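# A look at the structure
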Amino acid sequence: MVGWIYFFIIIFANSIGAISGMGGGVIIKPLFDTLGFHDVLSISFYSTVAVLSMSIVSTIRQVQNGIKINWSFALWLSFGSVLGGIFGSLGLDKLVGIMPSERIVSLVQIILIVATLLFSYAYSKKHWKGYHLNSTISILGCGLFLGAIASFLGIGGGPLNVALLMMLFQVPIKDATVYSIITILFSQLSKVITISVSTGFSQFDLSLLIYIIPAGIIGGFLGAYLSKIVSSEKVTTIYQFVIIGVLFVNFYNAYKLFL
C-alpha cells in the first residue's frame, strides 16, 4: 500500500517538477513527511532516487526535443552540483547524528525549504533586478551551492535552482528549467554515490524502489512532453502555483512537529 501511495505522488510531483524545473523533490519530500511512513534519512533517500530517475529521462527527452543547451555552462554547473551534493549528503548525515531527535532535523529542513520557496517566489514576481555573471568560477560556485542545498534538503533542487539561474545569469525561464534538471541529475547522482560508499543502503527498505524508480521515469517522460508544448508564461504560472502549494504543506508539517 505504501509503495502505491509513493508511486502516484512521485508521478504527479515529477511531472510538475520536470515542467517547472523544480525536480519534483520539493513536492515529494514534504508530502512524504506529512504521511510519516519513514524516517528523515529514508524519505530523503527515496526522494533522491525518484528525482534522479526523473532527471535522467527528462534530460534525454529535452535533448531529443531539440532544446539548445550550452554544454560548457551545463557541465561546469553540474560539476559544481556534484561537489555540492557530496557536501550536502554528508552534512545531513552529520546533523542527524548530532541532533537529539529527528524532529529538530525535520524542522531545520522545513525552515530552509520555506526560505528558498519565499526567495524563489519573490524573484519570479520580479521584485528585484538580476545580474549578468558569466565566469567559470561563478557558474561553478552556483552549482556547488545548489547541489549542497538540494542534497541536504532531499528535494532534488526545487525552485531555488530556477530562480538563481535566472537571477545570476539572466537565463530565460524555459532554459533555466532545462539547466536546473541537468544540475539536479548530477547532484542527486552524487548523493546516491556518497550514500553507497559511506553508510550503504542496508538501512533502507529497497523493495520500495520497484515503485519509486518506474514512477520517477514516468514522471520524467510526462514532464518532458508537457514542457515542449507549454509556453513560458504558463511555466511561470505553474512554478508560482507549486511554490504556494508546497509552502502550505511545509507550514502544516511544521505545525505537526509542535503537536
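Residues numbered from 1 in each chain as written. Predicted model: local features only at pLDDT ≥ 70, side-chain atom pairs only at ≥ 80, totals over all residues. Heavy atoms only, no water.

Within an unreviewed UniProt entry, the label attached to the chain reads Probable membrane transporter protein, and the organism entered is Vagococcus martis.

## Quick look at the nonpolar core
What counts, and what does not: Nine residue types can take part in a nonpolar core, namely buried Ala, Val, Leu, Ile, Met, Phe, Trp, Tyr and Cys, and a core is a set of them joined through side-chain atoms within 4.5 Å. Here's how the labels work: a residue is buried when its accessible area is under 20% of the maximum for its type, exposed when over 50%, partly exposed in between, all with a 1.4 Å probe on protein chains only. We call two residues in contact when some of their heavy atoms are within 4.5 Å.
By size, the foremost hydrophobic cluster in this structure holds 74 residues, and its most contacted members are Ile10, Phe32, Tyr46, Leu165, Phe169, Tyr179 and Ile212. Those residues in contact with Ile10 that lie beyond four places of it in its chain are Ser15, Ile28, Phe32, Ala50, Ile212, Ala215 and Gly216.

## Considering the environment of Asn134
Operational definition: In DSSP terms, a helix is any run of H or I states spanning at least four residues, a strand is any run of E spanning at least two, and both are numbered starting from the N terminus.
Position of Asn134 relative to the elements: it lies in the loop between helix 5 (102-124) and helix 6 (136-153). What makes Asn134 exposed here is its relative accessible area of 66%. Linking Asn134 and Phe73, residues 61 residues apart in sequence, is a C-alpha distance of 8.8 Å.

## Some thoughts on the UniProt feature "transmembrane region" (unreviewed entry) in the chain
To keep it simple, the criterion reads: UniProt positions are given in the numbering used here, feature names are shortened, and annotations may be inferred rather than shown by experiment.
In this numbering, the UniProt entry assigns the feature "transmembrane region" (unreviewed entry) to residues 6-28, 40-61, 73-92, 104-124, 136-169, 176-196, 208-226 and 238-255. Across residues 40-61, helical content stands at 100% and strand content at 0%; the span's end C-alpha atoms are separated by 32 Å. Segment residues 238-255 splits into 100% helix and 0% strand. End C-alpha atoms: 26 Å apart.

## Considering unusual backbone geometry
For Gln170, which is not glycine, the phi torsion reads 55 degrees and is therefore positive. With respect to the secondary-structure elements, Gln170 resides in the loop between helix 7 (158-169) and helix 8 (173-197). Classification of Gln170 by relative accessible area gives partly exposed; the value is 36%.

## Quick notes on the environment of Ala224
Its place among the elements puts Ala224 in helix 9 (residues 209-229). The spatial distance from the C-alpha of Ala224 to the C-alpha of Val96 is 35 Å, given a sequence separation of 128 residues.

## Some thoughts on the packing of aromatic side chains
What counts here: A pair of aromatic rings is counted whenever rings of Phe, Tyr or Trp (Trp by its six-membered ring) have centres within 6.5 Å, and the orientation is called stacked for planes under 30 degrees apart, edge-to-face for over 60 and tilted otherwise.
Evaluation of the coordinates by the stated rule reveals 13 aromatic pairs. Between Phe45 and Phe204 the ring centres are 4.2 Å apart and the planes differ by 5 degrees, which places this aromatic pair in the stacked class. In this pair, Phe45 sits in helix 3 (residues 40-64) while Phe204 sits in the loop between helix 8 and helix 9, placing the two residues 159 residues apart along the sequence. Judged by centre distance (5.1 Å) and plane angle (80 degrees), the rings of Phe73 and Phe169 are edge-to-face. Of this pair, Phe73 sits in helix 4 (residues 71-98) while Phe169 sits in helix 7, placing them 96 residues apart in sequence. Each member of the pair, Phe73 as well as Phe169, is classed as buried. Within the aromatic cluster, the residues linked to one another by ring pairs are Tyr6, Phe32, Phe37, Phe45, Tyr46, Phe201 and Phe204.

## A few points about a nonpolar patch on the surface
We apply this condition: In this analysis, a patch consists of residues with relative accessible area above 30% that form no salt bridge, clustered at 9 Å for like charges and at 5 Å for the nonpolar side chains Val, Leu, Ile, Met, Phe, Trp and Tyr. Here the Shrake-Rupley method, with its probe set to 1.4 Å, supplies the accessible areas, and only the displayed protein chains count as covering residues. We define a salt bridge as a side-chain nitrogen of Lys or Arg found within 4 Å of a carboxyl oxygen belonging to Asp or Glu.
Taken together, the side chains of Trp76, Phe79, Leu83, Phe87 and Leu144 make up a nonpolar region of the molecular surface, amounting to roughly 470 Å² of accessible area. Broken down by element, the residue count for the nonpolar patch peaks at 4 residues, all from helix 4. Its place among the elements puts Trp76 in helix 4.

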